[in-house]
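# Results of the structural survey
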Amino acid sequence: MTTTPLADRYGRVATDLRVSLTDRCNLRCNYCMPAEGLDWLPDDSVLTDDEVVRLITIGVERLGIREVRFTGGEPLVRRGLTGIVRRTRALGDGLELSITTNALGLARTAAALAEAGLDRVNVSLDTVRRDTFETITRRDRLHDVVAGLEAAQAAGLGPVKVNAVLLRGTNDDQAGELLAWCLERGYELRFIEQMPLDAQHGWSRTGMVTAEEIFDRLARDFTLTPASEPRGSAPAELFLVDGGPGTVGVIASVTRPFCGDCDRVRLTADGQVRNCLFAREESDLRAALRAGAGDEEVAGRWVAAMAGKRAGHGIDDPAFLQPDRPMSAIGG
Ligand code: SAM
Ligand code: SF4
């Protein structure tokens, strides 16, 4: 079978597929969604397990996808997750498979996910203080996340990465504390700048804690030196902490965008291809699947969807418009 690369007009080729398995979540992080949750996708519009696996198969076998990350919403609330991982792994040992998760329930499922063929997890954790955790996520579940992280490491789903968003006035004074906690346990921490992708449209540039501020705060407690490996298409700028071997990453999506090196493409839980987190258009692969399209036709639609990928996210453009769907519905 010949492979058609998922190329765009700017010479970028997508090889990293982010698959959202649900838009639902059991936390309510205040920078992501409102306390009452969102209008979830109706069940019949969400891809079935078979449909998800079929689209991933087309991506891997025909379109050059080499890495698949499951996300959401919260991917662990998807009942068929382990089966989807197992069937994706059957596509090839060389495929890199990971999930981005809040880790609630991961203590119970980490071993099964590893056995099914998952390689790694990224766990989102913005604080190690119980009260701050509850303020941000609106749930008293820090203990579950900690247990989930431990289980992931014990199951060999490493290196375990931790993603954190700093929020002004809430946890921006805890960057050093979170880094020390992660270093002690061997987790690789990466801070991510907050992006205008919240359902409430509450993001503001002045409210966002910038990468520059994050460096300044960390520099009070640690010596950071750039890690030698080149950044490539990886969005995190990596630093050795106090000479290493521990590292910390900073993902400056807003202030130092890495769009020029982007190798990602996204599939929403309802089967829409998005060529960018910030895309304003989607391409409906679910409709094609359900209308009986063959693999070649579906692949053709997917290739066509990439052609419209814009050069950058344009957050600084005065005409910037936040996408209609929030991060939790796109797949972060
Ligand atoms: N529920 C899973 C989790 O939290 O890891 C997966 C989905 S979540 C949308 C993926 C990542 O997006 C999390 O690390 C979360 O902190 C991050 N995120 C959510 N809203 C964001 C925003 N407005 N700006 C930056 N990151 C955000
Ligand atoms: Fe849920 Fe992840 Fe959004 Fe938090 S960031 S509400 S865990 S989807």
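Notes on the structure follow.

Basis of the calculations
Residues numbered from 1 in each chain as written. Chains lettered and ligands numbered in written order. Predicted model: local features only at pLDDT ≥ 70, side-chain atom pairs only at ≥ 80, totals over all residues. Heavy atoms only, no water. Helix = DSSP H or I, 4+ residues; strand = E, 2+ residues; numbered from the N terminus. Expected span 1.5 Å × (residues − 1). Buried < 20%, exposed > 50% of the residue type's maximum accessible area, 1.4 Å probe, protein only. Arc of directions from axis to C-beta. Pairing = 2+ DSSP bridges. Contact = heavy atoms within 4.5 Å. Axes fitted to C-alpha atoms, helices over the stretch in contact; angles between N-to-C directions. 1 Å grid on protein atoms, 1.4 Å probe; cavity = no way out; pocket = protein on both sides within 12 Å on 5 of 7 lines; lining within 4 Å. Points joined across faces, edges and corners; volume = space filled by probe spheres on them. Nonpolar A, V, L, I, M, F, W, Y, C, P; charged D, E, K, R; others polar. Near = heavy atom within 4 Å. Polar contact = N/O pair within 3.5 Å; in protein donor to acceptor, adjacent residues only side chain to side chain. Areas by Shrake-Rupley, 256 points an atom, 1.4 Å probe, with all protein chains shown as cover. Salt bridge = Lys/Arg side-chain N within 4 Å of Asp/Glu carboxyl O.

Now for helix α9 (residues 295-307). Note on helix geometry: an α-helix contains 3.6 residues per turn, so any two residues three or four positions apart are oriented the same way. Between the first and last C-alpha of α9 there are 19 Å, a value that for 13 residues agrees with the 18 Å anticipated at 1.5 Å per step. All of the buried residues in α9 are Val-298, Ala-299, Trp-302, Ala-305 and Met-306. The arc that holds every buried residue of α9, seen down its axis, measures 115°, which confines them to one face. Facing away from the buried surface of α9 by more than 90 degrees, the exposed residues are Glu-296 and Ala-304.

Moving on: the sheet that holds strand β7 (residues 161-165). Reading across from one edge, β9-β10-β11-β8-β7-β6-β5-β4-β3-β12-β13-β14 is the order of the 12 strands in this open sheet, with mixed pairing throughout. In this open sheet, the two strands that pair with only one neighbour each are β9 (224-226) and β14 (283-284). Here β9 runs beside strand β10 (residues 237-241); their pairing, made up of 3 bridges, is antiparallel. Bridge assignment links Leu-224 to a residue of β10, and that residue is Val-241. The strands that helix α6 (residues 175-185) touches are β7, β8 (188-192), β10 and β11 (247-251); relative to β8, the one it contacts most, it runs at about 155°.

Enumeration according to the criterion identifies 2 cavities of 30 Å³ or more in this entry. Here the largest cavity defines a volume of roughly 60 Å³. Residue composition of the lining of the largest cavity, grouped by class: 3 nonpolar, 4 polar and 3 charged.

In the vicinity of ligand 2, the contacting residues are Cys-25, Leu-27, Cys-29, Cys-32, Met-33, Gly-73 and Asn-102. A class-by-class count of the residues in the shell around ligand 2 yields 5 nonpolar, 2 polar and no charged.

Right, let's talk about unusual backbone geometry for a bit. The omega torsion of the bond from Gly-158 to Pro-159 falls at 0°, within 30 degrees of zero and hence cis. The peptide bond linking Gly-244 to Pro-245 adopts the cis configuration, its omega dihedral lying at 5°. Secondary-structure assignment places Pro-245 in the loop between β10 and β11.

A word on the site of ligand 1. Around ligand 1, the surrounding shell holds 17 residues, and the nearest of these are Tyr-31, Gly-73, Glu-74, Ser-124 and Met-195. A distance of 2.9 Å separates an oxygen atom of ligand 1 from a polar side-chain atom of Tyr-31. Here an oxygen atom of ligand 1 and a backbone polar atom of Thr-101 are 3.3 Å apart. Alone, ligand 1 offers 540 Å² of accessible surface; in the complex the protein occludes 95% of this. Contributions of two or more residues to the shell around ligand 1 are made by β5 (96-101) and β7. Of the residues in the shell around ligand 1, the class split is 5 nonpolar, 10 polar and 2 charged.

A full pass over the atoms with the stated rule returns 24 salt bridges. The salt bridge involving Glu-184 is made with Arg-185; its shortest N-O contact spans 3.3 Å. Judged by its relative accessible area of 30%, Arg-185 falls in the partly exposed class. Here Glu-297 and Arg-301 are joined by a salt bridge, their closest N and O atoms 3.5 Å apart. Of this pair, Glu-297 and Arg-301 both sit in helix α9, 4 residues apart, which is roughly one turn of that helix. Of the residues examined, Glu-297 reaches a relative accessible area of 43% and is grouped as partly exposed. Beyond isolated ion pairs, a larger network of salt bridges with shared partners links Asp-270, Arg-274, Glu-282 and Arg-325.

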